[in-house]
Amino acid sequence: GLNVIVNRESSAAYPTGTVIDTIPSAGASLNKNDIVRLIITVSEELIPVPALISMDSVKATGILDSMGLSYEISYIKVDYSVQKNSVLAQYPDANTNISFSEKIILFVGN
């Protein structure tokens, strides 16, 4: 009855797939549908996703290109000109650790 979010952390100290931390910590009281975050080790190199929301899409894609990260753009119809060509959302969230083989999705106003 809990919602689980998995975050990965690169570690040579533990075998891949080892849960090295939980949020909230073990023994905490939880209710049905509460969120539990598991920090799990992986052997591959991970890189944190940069914060790109509110950035011009050209600047955002330039940052991702310079980091060697793959991305795709999903355009969202907007009513305000100030939102056009701006990153309105991103997946995964900023500071989430991903591997170089994963893709970031930018939601850009159109």
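The paragraphs below set out a description of the structure included in this document. (Residues numbered from 1 in each chain as written. Predicted model: local features only at pLDDT ≥ 70, side-chain atom pairs only at ≥ 80, totals over all residues. Heavy atoms only, no water.)

## Here we look at unusual backbone geometry
Thought 1: The omega torsion of the bond from Ile23 to Pro24 falls at 0°, within 30 degrees of zero and hence cis.
Thought 2: Along the chain, the position of Pro24 falls in the loop between strand S2 (19–23) and strand S3 (35–42).
Thought 3: The omega torsion of the bond from Tyr91 to Pro92 falls at -5°, within 30 degrees of zero and hence cis.
Thought 4: Relative to the elements of secondary structure, Pro92 occurs in the loop between strand S6 (87–91) and strand S7 (97–99).
Thought 5: You will see that Asn33, though not glycine, has its phi angle at about 75°, which is positive.
Thought 6: In this structure, Asn33 sits in the loop between S2 and S3. (Helix = DSSP H or I, 4+ residues; strand = E, 2+ residues; numbered from the N terminus.)

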